[in-house]
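# Descriptive analysis of the structure
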Amino acid sequence: MISASFLPATGGVQFQVKYLSEALAEKGVELFLLSFNDGKRFLNKKSNGFPVLIKLDNKGIIYGTIELWRKIKEISPDVIHVHSAETQAFQIAFLKTFGFIKQPFIITSHGVDIMIQPEINYGFRLRPFINPIIRFILKKSAKHVIVGGCMKKYALDAGSKPEKIIEINNGVPLLKKEISAENVASVLNKFKIGTEPVLFSLSGMRPLKGIEYMVKAMPKIIKEFPSAKLILSGRLNKFGKQIKDLVDSMNLEKNIQFVGVIEDEEEKLILLRRADIFCKPSLLEACSVAIIEALKEGKAIVASIPGGIDIINDNVNGLLVKVKDSDDFAAKVINILKDNNLRKKIELGAEERAKFFDIEKIAIQYISLYEKTRHEN
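Quick summary incoming for the structure in this document. (Residues numbered from 1 in each chain as written. Predicted model: local features only at pLDDT ≥ 70, side-chain atom pairs only at ≥ 80, totals over all residues. Heavy atoms only, no water.)

### Considerations on the packing of aromatic side chains
For the coordinates displayed, the defined rule picks out eight aromatic pairs. Measuring from ring centre to ring centre gives 6.3 Å for Phe-200 and Phe-278, while their planes differ by 70°; the resulting arrangement is edge-to-face. Here Phe-200 is found in strand β7 (residues 198–202), whereas its partner Phe-278 is found in strand β10 (residues 277–280), with 78 residues between them in sequence. Taken individually, Phe-200 and Phe-278 each receive the classification buried, so the pair is uniform in this respect. Between Lys-59 and the ring centre of Phe-36, over which it is positioned, the NZ or CZ distance is 5.4 Å. Positioned above the aromatic ring of Phe-356, the side-chain terminus of Arg-353 is 4.9 Å from the ring centre. (Phe/Tyr/Trp six-rings, centres within 6.5 Å; stacked < 30°, edge-to-face > 60°. Helix = DSSP H or I, 4+ residues; strand = E, 2+ residues; numbered from the N terminus. Buried < 20%, exposed > 50% of the residue type's maximum accessible area, 1.4 Å probe, protein only. Lys NZ or Arg CZ within 6 Å of the ring centre and 35° of its normal.)

Here is the structure:
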């Protein structure tokens, strides 16, 4: 398995690679994970001694290709699984084309490699010279996995053949971690969280995530619930600073809290479990790992239609809102906070829906795909 980025870099793809690698190893797959990030401490080896992380050192096209070829020759895998149709996928496709490797390779697209959102300049394919490279990768791949049904039109437009496309959703481990009351109290005290209504957002600080529309919804929410607090987790980068400036300009500092990147898994879980509502107002999403984790914890979720359409059944296990519509977002949040029956119904629906995204089931789908791909090639 190849993923250019891995933990400690934080994001849905990195966590998905971790969860999937461990679940596959648990089922007996001898899995080697090749990545530029040295995240060995984040991988839990199973009884078979896998997954094993091998750190890649060379990001250059030529020397990086040579390094990949040597690693693959040394490992001699049955199937190569690459996350995202980008540089490493191109290198594998090149090696395959010229006969340096014989193994079939699978691409899993998570979003940015094939999906596009021109208004915010999102997507590799918006760069004209990248389009033919992605088409070449998808042409040479044995199978093309998309993690959400909404991605199919983008996959076809990117050059993938219908017979190659297979949908396998992202997933998370459903076993809930036990956390001591002392640790819970400590984390809540650290972030100064009391009994007030809490909204929680866990996403990167970038235009794609629609964070500004959450911020703009807060005045209406505060009018109904003056102590309501929105907790924003994510790196305070250039866009994050723009969001902070927006918060300051609207005098919302008392109600919106920036907590930065939460690297500690237990801290993240405590904040998620304490939240009354998990928020995901993205302009576009493939299959949000963050939403799935919120489902697992039985959280009421408010997500934009393009952000949660493949995961959320409206008014069953969450509420969907119009994209970039702060008024609709505020109204849905207020509905949940005011209507305890609605909230309980959605929370129960969330836990039930989470079963569909059990990483154990996802791993079985991938193993079946690996076996089929190996035999067909």
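### Comments concerning the sheet that holds strand β8 (residues 229–233)
In space, the six strands of this open sheet follow the order β9-β8-β7-β10-β11-β12, with parallel pairing throughout. Strand pairing shows two members of the sheet lacking a second neighbour, β9 (256–260) and β12 (319–321), which therefore form its edges. Each adjacent strand pair in this sheet contributes to an overall mean axis angle of 25°, direction not counted. Pairing of strand β11 (residues 300–304) with β12, which is carried by three bridges, proceeds in the parallel orientation. Note on β12: the bridge partner recorded for Ser-304 is Val-321. Along the sheet, helix α10 (residues 289–296) contacts β7, β10 and β11; its crossing angle with β10, the most-contacted strand, is approximately 165°. Together, β11 and β12 form the strand contacts of helix α13 (residues 340–354), whose direction differs from that of β11 by roughly 85°. (Pairing = 2+ DSSP bridges. Axes fitted to C-alpha atoms, helices over the stretch in contact; angles between N-to-C directions. Contact = heavy atoms within 4.5 Å.)

### Comments concerning the pattern of salt bridges
When the charged atoms of two side chains lie near each other, side chains of opposite charge can form a pair. Tallying each qualifying case throughout the model produces 25 salt bridges. Residue Lys-176 is joined to Glu-351 by a salt bridge in which the shortest nitrogen-to-oxygen separation is 3.0 Å. Placement of the pair is Lys-176 in the loop between β6 (165–167) and α6 (181–190) and Glu-351 in helix α13, with a sequence separation of 175 residues. Judged by its relative accessible area of 36%, Lys-176 is partly exposed. (Salt bridge = Lys/Arg side-chain N within 4 Å of Asp/Glu carboxyl O.)

### Some details on the sheet that holds β6
The strand order across the open sheet formed by four strands is β3-β4-β5-β6, and the pairing between neighbours is parallel. Single-partner strands in this sheet number two, and they are β3 (80–83) and β6. Neighbour to neighbour, the strand axes of the sheet diverge by 25° on average, direction disregarded. One ladder, built from four bridges, connects β3 with strand β4 (residues 105–109); its direction is parallel.

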